[in-house]
Amino acid sequence: QVQLVESGGGLVQTGGSLRLSCAFSGRTFSSYTMGWFRQAPGKEREFVAGINRSGRYTNYADSAKGRFTISRDNAENTVYLQMNNLKPEDTAVYYCAGRWGVQIVADNRGGYDSWGQGTQVTVSS
C-alpha cells in the first residue's frame with residue numbers, strides 16, 4: 001500500500017517562498033513518476049508539476065514555470081516542490097501524486113493513481 005504524506009505548507013506573504021515535501025512509503029519509490037497538483041476552493045484540482053522516475057525529466061503547468069521547481073531524492077523516497085515568488089492565486093491545497101511504472105509525466109489527474117492528503121498553502125496579499 002503506497003502512502004504519500006505532504007508537509008511544508010503554511011501561510012506566506014506575496015513574493016515569499018515555501019518548500020513542500022512528500023514522503024513516499026510502501027513501494028519502490030524510484031519506480032514511480034511523481035507529480036504535484038493543487039486545488040483552490042470551488043475549483044478543479046489542477047496539475048502543477050511532474051517528474052519522471054529518474055528525475056531527469058520534468059513538466060510544469062504554465063502557472064508554475066519560472067517560479068516552481070520539482071525535484072526528487074530517490075535515496076530519501078521524497079519529492080519536493082520549491083515555490084518562489086508566491087502569489088495570492090497560488091493559494092490552494094497542494095497534493096502529491098504518484099503513478100507506478102510509467103515514463104510519461106502526465107499533466108492530468110488520470111495519469112496518477114496514488115494520492116496524498118494534501119497540505120494547505122495560503123499566500124496573503
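Up top is the structure.
Residues numbered from 1 in each chain as written. Predicted model: local features only at pLDDT ≥ 70, side-chain atom pairs only at ≥ 80, totals over all residues. Heavy atoms only, no water.

## Notes on the sheet that holds strand 1 (residues 3–7)
What counts, and what does not: At least two DSSP bridges between two strands are required for those strands to pair. A run of H or I in DSSP counts as a helix once it spans at least four residues, and a run of E counts as a strand once it spans at least two, with each numbered from the N terminus. The axes are straight lines fitted to the C-alpha atoms, using for helices just the contacting stretch, and the angles between their N-to-C directions are given from 0 to 180°.
The strand order across the open sheet built from 4 strands is 1-3-8-7, with neighbouring strands paired in antiparallel fashion. In this open sheet, the two strands that pair with only one neighbour each are strand 1 and strand 7 (68–73). For this sheet the average axis-to-axis angle between neighbouring strands, irrespective of direction, equals 15 degrees. Where strand 3 (residues 18–25) and strand 8 (residues 78–83) come together, 6 bridges link them in antiparallel fashion. For Ala23, the partnering residue across the bridge sits in strand 8 and is Thr78.

## Details of the packing of aromatic side chains
Test applied: Under the pairing criterion, centres of Phe, Tyr and Trp rings, with the six-membered ring standing for Trp, must be within 6.5 Å; the plane angle then separates stacked pairs below 30 degrees from edge-to-face pairs above 60, leaving the rest tilted. Here the term buried applies to any residue with accessible area under 20% of the maximum for its type, exposed to any over 50%, and partly exposed to those in between, with areas from a 1.4 Å probe on protein chains only. The criterion is that NZ of a Lys, or CZ of an Arg, lies within 6 Å of the ring centre and within 35 degrees of the ring normal, and then a charge sits over that ring.
A full pass over the atoms with the stated rule returns 6 aromatic pairs. Ring centres of Tyr112 and Trp115 lie 6.5 Å apart, and the angle between their planes is 65 degrees; this geometry places the pair in the edge-to-face category. Note on Trp115: relative accessible area 26%, which makes it partly exposed. Feature note: the residues Phe37, Phe47, Tyr112 and Trp115 constitute an aromatic cluster, connected by ring pairs. For the cation-ring pair, Arg19 lies above Tyr80, with the distance from its terminal atom to the ring centre recorded as 3.9 Å.

## Describing the side chain of Thr78
So the rule is basically this: The term polar contact refers here to a pair of N or O atoms within 3.5 Å; inside protein, the definition further demands a hydrogen-donor-capable atom paired with an acceptor-capable atom, and it admits residues adjacent in sequence only when both atoms are side-chain atoms.
By the element assignment, Thr78 lies in strand 8. At 2.9 Å, the side chain of Thr78 and the backbone oxygen of Glu76 are in polar contact.

## Structural notes on the pattern of salt bridges
Applicable threshold: The rule for a salt bridge is simple: a side-chain nitrogen of Lys or Arg has to be within 4 Å of a carboxyl oxygen of Asp or Glu.
Counting across every chain of the model gives 5 salt bridges. The salt bridge involving Asp113 is made with Arg99; its shortest N-O contact spans 3.6 Å. Here Arg99 lies in strand 9 (residues 92–100) and Asp113 lies in the loop between strand 9 and strand 10 (114–115), a separation of 14 residues in the sequence.

## Side note on the nonpolar core
As a reminder of what qualifies: Nonpolar cores are built from buried Ala, Val, Leu, Ile, Met, Phe, Trp, Tyr and Cys residues. Side-chain atoms within 4.5 Å join them into one set. Contacts are assigned to residue pairs that have any heavy atoms within 4.5 Å of one another.
Formed by 27 residues in total, the largest nonpolar core has its most connected members in Met34, Trp36, Val79, Leu81, Met83 and Tyr94. Those elements that provide at least two residues to this core are strand 3, strand 4 (32–39), strand 5 (46–51), strand 7, strand 8, strand 9 and strand 11 (119–124). Broken down by element, the residue count for this core peaks at 4 residues, all from strand 3. Apart from the residues lying within four places of it in its own chain, the contact partners of Met83 are Gly16, Ser17, Leu18, Leu20, Arg67, Phe68, Tyr94 and Val121. One finds Phe37, Phe47, Ala61 and Tyr112 within the second-largest nonpolar core, a separate group that totals 7 residues.

## Concerning unusual backbone geometry
Phi angles above zero are rare outside glycine, and Asn77 is one such case at about 55 degrees. Relative to the elements of secondary structure, Asn77 occurs in the loop between strand 7 and strand 8. With relative accessibility at 28%, the residue Asn77 sits in the partly exposed group.

## Observations regarding the environment of Leu86
Structurally, Leu86 is set in the loop between strand 8 and strand 9. Not counting the four nearest positions on each side in its chain, Leu86 is found in contact with Val12, Gln13, Thr14, Gly15, Gly16, Ser17, Leu18, Arg67, Phe68 and Val123.

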